[in-house]
Amino acid sequence: MGLTPWAAAAAVPALLIGVLLVLTGRRVRERRGLGAGGTVSLDAVTLRSRRFGLTGRPDRLIKTGGTVIPEEWKSARVLRPWHRAQMGVYFVLIEEELRTRPPHGFVTCGDGTRHRVENDEQLRAWVLDLAGRIRAARREPGEPLPVRPVPGQCRPCGMRPHCRQAKL
Ligand code: SF4
């Protein structure tokens, strides 16, 4: 069955708007340094692991190559160790909850540069060690977990007024 002239006239602008939205979305993604790939979630899924006592909410989950990888957006202009740690937490959480092991993830910094973080054994061991120490510290709430913040790290931290290890 063909379209009536009225329906055909209405369909053309709708199609154009759809194409425009796809192109605009792609341009916004590229401007923010975001990669291609099917978005599974945009800051909408909280992942939890009871086993490791971890929780995380990736900015974006992307379906690619038969698996799911996380993407995180940061205002910082350089990749920091704690950004890698956060990615490591997401890798563990995705594996636990979605039953797929992401080979890598991406951190997109404020200037649009995209940093690929590999899901290797070293990062996994570091993150699980940190998670274990945090779990142990939770069992001893009077004992703060020893940390070594780098200069500038504490300034924007919401815990600063209560933290005895803050460094300014
Ligand atoms: S203020 Fe305390 S909790 Fe916040 S970053 Fe610094 S050391 Fe860590």
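Refer to the structure presented above.
Since we're looking at a predicted model, the values are computed, not measured. (Residues numbered from 1 in each chain as written. Predicted model: local features only at pLDDT ≥ 70, side-chain atom pairs only at ≥ 80, totals over all residues.)

**A word on helix α2 (residues 81-98)**
- For α2, which comprises 18 residues, the first-to-last C-alpha distance of 25 Å matches the rise-based estimate of 26 Å (1.5 Å per residue) to within 8%.
- All buried positions along α2 are accounted for by Q86, M87, G88, V89, Y90, F91, V92, L93 and I94.
- Just beyond α2, the residue with positive phi is R99, at close to 60°. (Helix = DSSP H or I, 4+ residues; strand = E, 2+ residues; numbered from the N terminus. Expected span 1.5 Å × (residues − 1). Buried ≥ 20, exposed ≤ 12 C-beta atoms within 10 Å, placed from the backbone.)

**As for the site of the ligand**
- The ligand sits among V147, P149, Q153, C154, C157, M159, R160, C163, Q165 and A166.
- Class assignment of the residues belonging to the shell around the ligand gives a composition of seven nonpolar, two polar and one charged. (Near = placed C-beta within 6 Å. Nonpolar A, V, L, I, M, F, W, Y, C, P; charged D, E, K, R; others polar.)

**A short note on helix α3 (residues 121-139)**
- Spanning 19 residues, α3 covers 27 Å between terminal C-alpha atoms, matching the ideal 27 Å at 1.5 Å per step.
- Taken across its 19 residues, α3 has one buried, putting it largely on the surface.

**Here we look at the sheet that holds strand β7 (residues 114-118)**
- One open sheet accounts for five strands, arranged β1-β4-β5-β6-β7; its pairing is mixed. The open sheet has two edge strands, β1 (38-42) and β7, and neither has a second partner. Neighbour to neighbour, the strand axes of the sheet diverge by 25° on average, direction disregarded.
- In this structure, β1 lies alongside strand β4 (residues 60-64), joined through four bridges in antiparallel fashion. When the sheet's bridge partners are listed, G38 is paired in β4 with K63.
- Against the sheet, α2 touches β5 (67-73), β6 (104-108) and β7, its axis set at about 150° to β5. (Pairing = 2+ DSSP bridges. Axes fitted to C-alpha atoms, helices over the stretch in contact; angles between N-to-C directions. Contact = placed C-beta atoms within 7 Å.)

**Some remarks on the pairing of β7**
- Sheet analysis places β6 next to β7, joined by five bridges and oriented antiparallel. Considered in β7, the bridge of V107 is made with H115.
- Counting the residues between successive antiparallel strands, the hairpin from β6 to β7 contains five residues, one of them, G112, with a positive phi of roughly 90°.

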